[in-house]
Amino acid sequence: MKITVLASGSKGNCICVEGGSGTILVDAGISNREILRRMAEVGADAGNVEGLFLTHEHSDHIRGVDVFSRGSGVPVYGTEGTLGGLMPTLKKPGATGLHAMIPGEAVECGDFMVTTFHTSHDAAEPSGFCISEDDVTVGVCTDTGMVTSGMLTFLRRCDAVILESNHCPVMLAEGRYPAFLKRRIADTKRGHLSNPAAAAVLRELCADLSHAVLAHLSEENNTPEKALATAHEGVGLYAGNLEVGVARQHTISDPFEV
Ligand SMILES: [Zn+2]
Ligand SMILES: [Zn+2]
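Residues numbered from 1 in each chain as written. Chains lettered and ligands numbered in written order. Predicted model: local features only at pLDDT ≥ 70, side-chain atom pairs only at ≥ 80, totals over all residues. Heavy atoms only, no water.

Trainee: How do you make sense of the coordination of the zinc ion (ligand 1) when you look at a structure like this?
Mentor: Ideal coordination angles are 109.5 degrees for a metal with four donors arranged tetrahedrally and 90 or 180 degrees for a metal with six donors arranged octahedrally. Surrounding the zinc ion (ligand 1) are the protein donor atoms Asp 60 (OD), His 61 (NE2), Asp 143 (OD) and His 216 (NE2), which sit 2.1 to 2.2 Å from the metal. Taken together, the four donor atoms coordinating the zinc ion (ligand 1) and their angles of 93 to 166° define a geometry best described as irregular. All donors of the zinc ion (ligand 1) come from a single chain, and their spacing in sequence reads D-H-x81-D-x72-H. A distance of 3.5 Å spans the gap from the zinc ion (ligand 1) to the zinc ion (ligand 2), which Asp 143 bridges by coordinating each metal. Of this pair, Asp 143 sits in the loop between strand S10 (136–141) and helix H5 (149–155) while His 216 is found in the loop between strand S12 (211–215) and helix H9 (224–235), placing the two residues 73 residues apart along the sequence. (Donors = N, O, S within 2.8 Å, 3.2 Å for Na, K, Ca; no water. Tetrahedral: all angles 85-135°; square planar, octahedral: opposite > 155°, others 65-115°. Helix = DSSP H or I, 4+ residues; strand = E, 2+ residues; numbered from the N terminus.)

Trainee: Explanation requested: the pattern of salt bridges in the structure shown.
Mentor: Side-chain pairs of opposite charge can arise whenever the charged atoms involved come near each other. Counted by the stated rule, this structure contains eight salt bridges. Residue Glu 219 is joined to Lys 11 by a salt bridge in which the shortest nitrogen-to-oxygen separation is 2.5 Å. Remark: Lys 11 occurs in the loop between strand S1 (2–7) and strand S2 (14–18) and Glu 219 occurs in the loop between S12 and H9; sequence separation between them is 208 residues. On the basis of relative accessibility, which here comes to 45%, the residue Glu 219 falls in the partly exposed class. For Asp 122, the salt bridge goes to Arg 184, with nearest N and O atoms at 2.8 Å. One end of the pair, Asp 122, is in the loop between strand S8 (112–118) and strand S9 (127–133); the other, Arg 184, is in helix H7 (residues 179–186), with 62 residues separating them in the sequence. (Salt bridge = Lys/Arg side-chain N within 4 Å of Asp/Glu carboxyl O. Buried < 20%, exposed > 50% of the residue type's maximum accessible area, 1.4 Å probe, protein only.)

Trainee: Which parts of the structure should I look at to understand the packing of aromatic side chains?
Mentor: Centre distance and the angle of the planes are the two values used to describe a pair of aromatic rings. Within this structure, the stated rule accounts for three aromatic pairs. An angle of 10° between the planes, with centres 4.4 Å apart, marks the rings of Phe 53 and Tyr 77 as stacked. Of the two residues, Phe 53 is situated in strand S4 (residues 49–53) and Tyr 77 in strand S5 (residues 76–79); the sequence distance between them amounts to 24 residues. Grouping residues by exposure puts Phe 53 and Tyr 77 together as buried. Judged by centre distance (5.2 Å) and plane angle (15°), the ring pair of Phe 117 and Phe 154 falls under stacked. (Phe/Tyr/Trp six-rings, centres within 6.5 Å; stacked < 30°, edge-to-face > 60°.)

Trainee: Even after reading the chapter, I still don't get the coordination of the zinc ion (ligand 2), so can you show me in this structure?
Mentor: At the metal site, the zinc ion (ligand 2) is ligated by His 56 (NE2), His 58 (ND1), His 121 (NE2) and Asp 143 (OD), and these contacts range over 2.2 to 2.7 Å. Given four donor atoms and angles of 86 to 176° at the metal, the environment of the zinc ion (ligand 2) is assigned as irregular. Going along the chain, you hit the donors of the zinc ion (ligand 2) in the pattern H-x1-H-x62-H-x21-D. For His 58, a relative accessible area of 21% translates into the label partly exposed.

Trainee: Help me understand the sheet that holds S4, please; the structure alone is not making it clear to me.
Mentor: Pairing is mixed across the open sheet formed by seven strands, whose spatial order is S6-S5-S4-S3-S2-S1-S14. Here the strands that pair on one side only, and so sit at the sheet edges, are strand S6 (98–101) and strand S14 (256–257). When S1 meets S2, the two strands line up antiparallel, connected through five bridges. Across the sheet, Thr 4 pairs through a bridge with Cys 16, a residue of S2. Packed on one face of the sheet, helix H1 (residues 32–41) meets S1, S2, strand S3 (23–26) and S4 and runs near 140° to S1. The strands touched by helix H3 (residues 65–72) are S3, S4 and S5; relative to S4, the strand with the most contacts, the crossing angle is about 155°. (Pairing = 2+ DSSP bridges. Contact = heavy atoms within 4.5 Å. Axes fitted to C-alpha atoms, helices over the stretch in contact; angles between N-to-C directions.)

This is how it looks when you write it as structure tokens:
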């Protein structure tokens, strides 16, 4: 599998997972035009996309869904809550093939098997994914205030993980956001994962991981250097063969293969 994070952050998210024959996308939070442009830039064939999987219905994850799905006919997958939140944004809901996923149960999409699991975020029914092809699995876990032991059970199956590392707690606390927003972001039940929390998750997983991509970084309360340094500190001597990268908002991240 070849994984490319096309965009990541509060202004739009989209991950491209290319398998042996087909491709799936996770989230379409950038415009249809931008999805197609970025896919073309990395040589990914948009005509090969077999499914679009949505983590939740916030606009930075679904902005391009309506136009992309109508233009391509690609089916859209997500939890019932996420699809319910998506519906009002679809101009012709009947024109999009919607497939509700049950957390914990795998669905088949082309040669991929995709399992969803609940995350902790202020959306209707937010979720992460384990995407498998043959014996390789990639996890996507962003927009979550915490990673519970239940979520870790899913992530332990993964060879690579796209993991949120949203903010540096010190930068958030000392930053210019209003108090209510700071509370919302740091809320473990409904917010976003901090750098130290992400590092702790990587420490749990790193023995079995080849790649990790730190994702959904705040442009206001984080820097790629801080996120990376915290992750490296977290895994320390346990890092093994783990390669850690950072996903960006405005540029395509370096693709990697597992
Ligand atoms: Zn988001
Ligand atoms: Zn969100």
